[in-house]
Amino acid sequence: MAEYERSRTMPAQPEHVFDQAANLHQLDSWLPGALHVAPEELPAVSVHEAGSNKDTPALLRAQPDQMRLEWGTREQGDYAGWLQVAGIGSGASEVTVHLSFFDKHHDPGERAAAAALEDSLRRLEEQVRLRTDNATG
């Protein structure tokens, strides 16, 4: 089993960050570019990886009271992950994303996983900034 985790501080209230991260219709705006999530009967979703010809049945659960998202494959148990938002004062938040790969064939390796996590957190921060800038201006 391989596990990867990254955190990033974002200059926004935790509720704003979580709302953006958990918005099902905008997940593609911050997830790794190759992944596309289509809601089904929640918590069921389908994940399509660009370049593949199949959709993977998965689960996605949002826990707004805990500012936490959890996800994973439904049938195979290949991977799971979570995103946690925490307020750190002064209107800022810390976002942590954790990935667990239970099947070595799905593990992208440390370098690729770290790059994908960093890129996803950067893209989420961009979306949060756009939302908060538009709300204030």
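All figures in this text were calculated on a predicted structure; none of them were measured in a lab.

Chemist: Please clarify how the overall build of the chain should be interpreted in this entry.
Modeler: A tally of regular secondary structure across the chain gives two helices and seven strands. Taken over the C-alpha trace, the chain has a radius of gyration of 15 Å; the compact-globule value for 137 residues is 14 Å, and the two agree within 12%. With respect to the three principal axes, the spread of C-alpha positions in the chain is 45 × 30 × 30 Å. Residues counted as buried form 38% of the 137 residues belonging to the chain.

Chemist: Honestly, the layout of surface pockets in this entry has me stumped. Any pointers?
Modeler: Over the atoms, a rolling probe the size of a water molecule traces out where space has been left empty. By volume, the largest pocket is sized at about 830 Å³. Lining of the largest pocket is provided by 31 residues; of these, Pro-32, Leu-35, Val-47, Tyr-79 and Phe-101 occupy positions nearest its centre. Of all the elements in the fold, those that place two or more residues in the lining of the largest pocket are β2 (35-39), β3 (44-49), β4 (55-63), β5 (68-73), β6 (79-89), β7 (92-101) and α2 (110-136). It is α2 that contributes the most residues to the lining of the largest pocket, five residues altogether.

Chemist: For this particular structure, what's the right way to read the sheet that holds β7?
Modeler: Strand pairs in the sheet, formed through backbone hydrogen bonds, run parallel or antiparallel to each other. Read from one edge of the open sheet, seven strands run β1-β7-β6-β5-β4-β3-β2, paired in antiparallel fashion. The two strands at the open ends of the sheet, each matched to only one other strand, are β1 (2-10) and β2. Adjacent strand axes in the sheet meet at a mean angle of 20°, parallel and antiparallel pairs treated alike. Most of the contacts of helix α1 (residues 14-22) go to β6, to which it runs at about 160°, and overall it touches β1, β4, β5, β6 and β7.

Chemist: Would you mind going over the environment of Ala-80 with me for this structure?
Modeler: Inspection of the secondary structure assignment puts Ala-80 in strand β6. Spatially, the C-alpha atom of Ala-80 lies 27 Å from that of Arg-129, the residues being 49 residues apart in sequence. If we skip the residues at most four places from it in the chain, Ala-80 touches Trp-71, Gly-72, His-98, Leu-99, Ser-100 and Phe-102.

Chemist: In this structure, what is going on with the pairing of β4? I would like to understand it.
Modeler: For a regular strand, side-chain orientation follows a simple rule: the groups alternate between the two sheet faces. Note: β3 against β4, five bridges, orientation antiparallel. Residue pairing for β4: Val-45 is matched across the bridge by Ala-58. Between β3 and β4, which pair antiparallel one after the other, the connecting turn spans five residues, and Gly-51 there sits at a positive phi close to 90°. Connecting the antiparallel pair β4 and β5 is a turn made up of four residues, with Met-67 showing a positive phi of about 50°.

Chemist: Would you take a moment to explain unusual backbone geometry for this structure?
Modeler: For residues besides glycine, phi is generally negative; the peptide bonds are generally trans as well. For the bond from Leu-42 to Pro-43, the omega torsion is 15°, close enough to zero to count as cis. Positive phi is not limited to glycine here, since Met-67 has a value of about 50°. Among the structural elements, Met-67 can be located in the loop between β4 and β5. Here the phi dihedral of Ser-90 falls at roughly 55°; this positive angle occurs in a residue that is not glycine. By secondary structure assignment, the location of Ser-90 is in the loop between β6 and β7. According to the relative accessible area criterion, Ser-90 is exposed, its value standing at 84%.

Cut-offs applied
Residues numbered from 1 in each chain as written. Predicted model: local features only at pLDDT ≥ 70, side-chain atom pairs only at ≥ 80, totals over all residues. Heavy atoms only, no water. Helix = DSSP H or I, 4+ residues; strand = E, 2+ residues; numbered from the N terminus. Rg over C-alpha atoms; globule rule 2.2 N^0.38 Å. Buried < 20%, exposed > 50% of the residue type's maximum accessible area, 1.4 Å probe, protein only. 1 Å grid on protein atoms, 1.4 Å probe; cavity = no way out; pocket = protein on both sides within 12 Å on 5 of 7 lines; lining within 4 Å. Points joined across faces, edges and corners; volume = space filled by probe spheres on them. Pairing = 2+ DSSP bridges. Axes fitted to C-alpha atoms, helices over the stretch in contact; angles between N-to-C directions. Contact = heavy atoms within 4.5 Å.

Function cannot be inferred from these measures alone, as they are strictly geometric.
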